[in-house]
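If you want the building blocks of each chain, they are given just below.
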Amino acid sequence: MTPKMMAHAQTVSVRPRNVGTSAARPALDFATIGRTPLRLGLGARRTTSRELEVVETASELLAATLLDAAPEDTDMPSLLRGFEATVPSSDGARARRRATRNVDAPRLGLKRMSLGARGLLMNEQQEDAESEEDALLATRDRGRRGRKKRGRESLSANKVFGRDELERQTHEIARDKENLHVRRSLLHNDIAEITNKIEALDAIRAKLEQDLLKLQEDELELDDELLMVQERLELESSQNSQSGSMQASLMASSRRRKGPAFLPSEHDELPPGVAFMSLECGTTPLSALDFSEPYGTLVTATQDDAHPRVWDLLTGEEIGSLRGHTGTVKALQVEAHLCATAASDNTVRLWDLRRVDADADTGEWDLSDVLEEAEEDGEGTEGGVVVEHPQPRTNGVRSSRTSEDDAPGACVRVLEGHSKAVTALYFENDTLVTGASDKTLRQWDLTTGQCVMTMDILWAISHPPAAPAGHMPGFPVAGATAAAGAFAVPTPPYADGSWELYQDFIGAVQSWEYALVSGSGDGAVRMWDMRTGQAHRTLLGHTGPVTCLQFDEIHVVSGSLDKSVRIWDLRTGGIFETVKYDHAVTALQFDSRKIVSAAGENGVKIYNRTSMQHSTLSTNGHTRPVEKLRYMDRYLLSGGRDAMVKIWAL
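Residues numbered from 1 in each chain as written. Predicted model: local features only at pLDDT ≥ 70, side-chain atom pairs only at ≥ 80, totals over all residues. Heavy atoms only, no water.

## A look at the overall build of the chain
And then number 1: The secondary structure content of the chain amounts to 12 helices and 33 strands.
And then number 2: Each of the 650 residues in the chain was classed as buried or not, and the buried ones make up 42%.
And then number 3: Considering only intrachain contacts with a sequence separation of at least 6, the fraction spanning at least 24 residues in the chain is 53%.
And then number 4: Surface accessibility of the chain: about 37,500 Å² in total, with carbon and sulfur atoms responsible for 54%. (Helix = DSSP H or I, 4+ residues; strand = E, 2+ residues; numbered from the N terminus. Buried < 20%, exposed > 50% of the residue type's maximum accessible area, 1.4 Å probe, protein only. Contact = heavy atoms within 4.5 Å. Areas by Shrake-Rupley, 256 points an atom, 1.4 Å probe, with all protein chains shown as cover.)

## Remarks on the pairing of strand β21 (residues 524–529)
And then number 1: The buried fraction of β21 is high, at six of six residues.
And then number 2: Side-chain alternation along β21 places A524, R526 and W528 on one buried face and V525, M527 and D529 on a second face that is also buried.
And then number 3: Of the pairings in the sheet, the one linking strand β20 (residues 515–520) to β21 comprises five bridges and is antiparallel in character. Bridged to G519 within β21 is V525.
And then number 4: Adjacent in sequence and paired antiparallel, β20 and β21 are bridged by three residues, among which G523 carries a positive phi angle near 80°.
And then number 5: Alignment of β21 against strand β22 (residues 534–540), held across six bridges, turns out to be antiparallel. Paired with D529 across the two strands is Q534, which belongs to β22.
And then number 6: The hairpin formed by β21 and β22 contains four residues between the paired strands, and G533 there has a positive phi angle of roughly 75°. (Pairing = 2+ DSSP bridges.)

## Examining the pattern of salt bridges
And then number 1: Counted under the stated rule, the structure contains 22 salt bridges.
And then number 2: The partner of R309 in a salt bridge is E318, and the shortest N-O contact between them spans 3.9 Å.
And then number 3: A relative accessible area of 23% means that R309 is categorised as partly exposed.
And then number 4: Note on E318: relative accessible area 40%, which makes it partly exposed. (Salt bridge = Lys/Arg side-chain N within 4 Å of Asp/Glu carboxyl O.)

## Observations regarding the sheet that holds strand β23 (residues 546–551)
And then number 1: Spatially, four strands are ordered β23-β24-β25-β26 in an open sheet, and the strand pairing comes out antiparallel. Only two strands of the sheet have a single partner each, and these edge strands are β23 and β26 (575–580). Direction aside, the axes of adjacent strands within the sheet are offset by 15° on average. (Axes fitted to C-alpha atoms, helices over the stretch in contact; angles between N-to-C directions.)

## Regarding the sheet that holds strand β16 (residues 450–456)
And then number 1: Read across the sheet, four strands follow the order β13-β14-β15-β16 without closing on themselves; strand pairing throughout is antiparallel. The two strands at the open ends of the sheet, each matched to only one other strand, are β13 (422–428) and β16. Looking at each pair of strands side by side, their axes are set apart by 20° on average, direction ignored.
And then number 2: Alignment of strand β15 (residues 440–445) against β16, held across six bridges, turns out to be antiparallel. Bridging from a neighbouring strand, T440 pairs with D456 of β16.

## Remarks on the pairing of β15
And then number 1: Most of β15 is tucked away: five of the six residues are buried.
And then number 2: Taken together, the five bridges between strand β14 (residues 431–436) and β15 define a ladder with antiparallel strand orientation. Each residue of the ladder has a partner; that of G435, found in β15, is L441.
And then number 3: The antiparallel hairpin formed by β14 and β15 contains three residues in its connecting segment, where K439 sits at a positive phi of about 65°.
And then number 4: Here β15 folds back onto β16, and the loop between the two strands holds four residues, one of which, G449, carries a positive phi near 75°.

## With respect to the environment of S638
And then number 1: By secondary structure assignment, the location of S638 is in strand β32 (residues 635–640).
And then number 2: Judged by its relative accessible area of 0%, S638 is buried.
And then number 3: When the C-alpha atoms of S638 and K628 are compared, they prove to be 5.7 Å apart, with 10 residues separating the residues in sequence.
And then number 4: Apart from the residues lying within four places of it in its own chain, the contact partners of S638 are L289, V604, H622, V626, K628, L629, M644, V645, K646 and W648.

## Remarks on the nonpolar core
Buried together is how nonpolar side chains tend to be arranged in soluble globular proteins.
And then number 1: L441, I457, I506, V509, L516 and W528 are the most contacted members of the largest nonpolar core, which totals 21 residues.
And then number 2: Mapped by element, the contributors of at least two residues to this core are β13, β16, α11 (457–462) and β19 (506–512).
And then number 3: Sort the elements by how many residues they give to this core and α11 lands first, with three residues. (Core = buried A, V, L, I, M, F, W, Y, C linked by side-chain atoms within 4.5 Å.)

## Observations regarding the packing of aromatic side chains
And then number 1: For the structure shown, the criterion picks out four aromatic pairs.
And then number 2: Directly above the aromatic system of F505 lies the positively charged group of K439, at a separation of 5.3 Å from the ring centroid.
And then number 3: For R630, the ring lying beneath its charged end belongs to F291, and the centroid distance is 5.6 Å. (Phe/Tyr/Trp six-rings, centres within 6.5 Å; stacked < 30°, edge-to-face > 60°. Lys NZ or Arg CZ within 6 Å of the ring centre and 35° of its normal.)

## Let's talk about helix α6 (residues 92–100)
And then number 1: For α6, the complete set of buried residues consists of A93, R97 and T100. For α6, the angular spread of the buried residues around the axis is 60°, confining them to a single face. (Arc of directions from axis to C-beta.)

## Here's the deal with helix α4 (residues 49–63)
And then number 1: Given a rise of 1.5 Å per residue, 15 residues ought to cover 21 Å, and the 22 Å separating the end C-alpha atoms of α4 matches this to within 8%.
And then number 2: Of all the bends found along α4, the most pronounced is centred on T57 and spans about 35°. (Expected span 1.5 Å × (residues − 1). Bend = angle between axes of the 7 residues up to and from the residue.)

## Observations concerning the environment of L213
And then number 1: In this structure, L213 sits in helix α9 (residues 163–241).
And then number 2: Along the sequence, L213 and S611 sit 398 residues apart, while their C-alpha atoms lie 6.4 Å from each other.
And then number 3: Setting aside residues no more than four positions away along its own chain, L213 makes contact with T610 and S611.

## Overview of a nonpolar patch on the surface
And then number 1: There is a patch of nonpolar side chains on the surface, built from L201, I204 and L208 and spanning about 310 Å² of accessible area.
And then number 2: Overall, I204 belongs to the partly exposed group, its relative accessible area being 48%. (Patch = residues over 30% accessible without salt bridge, like charges linked within 9 Å, V, L, I, M, F, W, Y side chains within 5 Å.)

## Points about the side chain of K594
And then number 1: With respect to the helices and strands, the residue K594 is situated in strand β28 (residues 594–598).
And then number 2: Relative accessible area serves as the criterion here: at 14%, K594 is assigned to the buried category.
And then number 3: Leave out the neighbours within four places in its chain, and K594 touches Q589, I606, Y607, R609, Y631, D633 and L650.

## Remarks on the confidence of the model for the chain
And then number 1: The predicted model of the chain has a mean per-residue pLDDT of 78, with 68% of residues at 70 or higher.
And then number 2: Considering only residues more than four positions removed or in separate chains, one finds that residues 244–251, a stretch of pLDDT under 50, has 17 contacts. (pLDDT = per-residue confidence, 0-100.)

## Some remarks on unusual backbone geometry
And then number 1: Its identity as a non-glycine residue notwithstanding, N429 has a phi of 55°, on the positive side.
And then number 2: Tracing the chain through its elements places N429 in the loop between β13 and β14.
And then number 3: Here K439, not a glycine, exhibits a phi torsion of approximately 65°, which is positive.
And then number 4: Structurally, the position occupied by K439 is in the loop between β14 and β15.

Below is the structure:
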């Protein structure tokens, strides 16, 4: 020890020690520290708020129960093992073993032989070196010519590895195989991870596509709503300009009307896709139904009852019946307070639904009476009908006052002219079109009550328009043969196994201005010009009778007993899309977003035109197959073979 160090030690030993200070100092606990101000000093260092927070939560963290470790994947190698298996040095053992198997042998010129066999040229230096080697080999060969030839020994005959080397190679090979297994596991895991990422991206893509389809549906809905607003604007403008006029403003048919309908506020509270009301209409299947507006007036007809029933959809009560027909009502249409019915008694009747409950003591009414009362109420004519007092039995038109057997009160006119059952009708504004089993179509002027034109289906079949190239008739029997004589086709079995004889040669008609489309028993959809009475286009594709159809500015949608719904493009005349079902299609209606159809099952079929997805309405639904339907906006009615009418919220 140096003198300087000894002096320092003596100085330290002489200093007085405050022994009692540390003993008298009170002990600090964490609780006291937590209650002291943050500027409390411990020695020369101050305690921060972060340190106090750590001290307070330390005991809680230490006392907390540790979670069980996640199960290890036995197929997944450790990180270190994966590194060892994938580093480039892991292949060094294989290269070393390959080097130990190399044997010293005479120069054979294998490279030159390989290049020559492949037709490759060498540079001059390589050729000179190869020529020297060839000369050396040739010299050796000449020296060996005088020797006696012996069998060539194996290249491995003089190679000895030893036990230690062979055991070492055994362990190296096992290690290399283990490395290969590790690499294989890593690659499988990478592939699985990529697969999961692809599935996740596919799910995201599907979700985005669904969002895109939803935007497309919203755009179509907005287009329909805009059309409705424009129609409403035109209606109110015409009403203001024609105030006091006898001629009422004419609205488009509700079957072509687009956009939202007026619904009670409580309708939004109903669960979609559920039948919230049921009406019992008799004991036999529904043959026709239609209603004026949501929660308005409903008219239903059944197969065994010649008197259609009238219902109040707001209360679900029956108002009365339309008495006058003597046969089954095959088709009907309701627009506001005007109803047209077509029956198997070969007649068409027009009804004022406001007079249904007034048939007890008021007698019979005429269309002129309906017009006069509409003028007094300030409502104008109903459904665009303006009628003068008709003369009895004029051109197949008979006033309801001409016979005591006619329906009292509600019936305002009887149209006669068809020789067989009238199976289809459609009216809009002052034009009515009917189709019957006598294979004719008739156009009626509701202003005068006269039949202004008759169109013969048989003539159209025998004089078909020029068909586009590649179009072949779809019905298995020639059109003239199918239309000749009495028409009767058995329907395909429904879902419950029942079937019936289909005898309606004209299954459906619809008109718009001068355009008329009809579907008939020969499987053809024909387009007519009502100015000339000629069929100018025939759409062929169905293999069974056409039972229902509807068209707009671009498409015709038709349903048939061949279990299909076909969408036709009016611009090309070809089939745009075909929707297949398991049973016959008996009714349909469509808009820009969906096609609702009755396809021989207990549920109502809905086909989404944007997403091309199918859905079925069956909750609280029918117990037998649906045959008829009609909807407006989010309000749908269906009639089934169980004689029930179900009202659905869409």
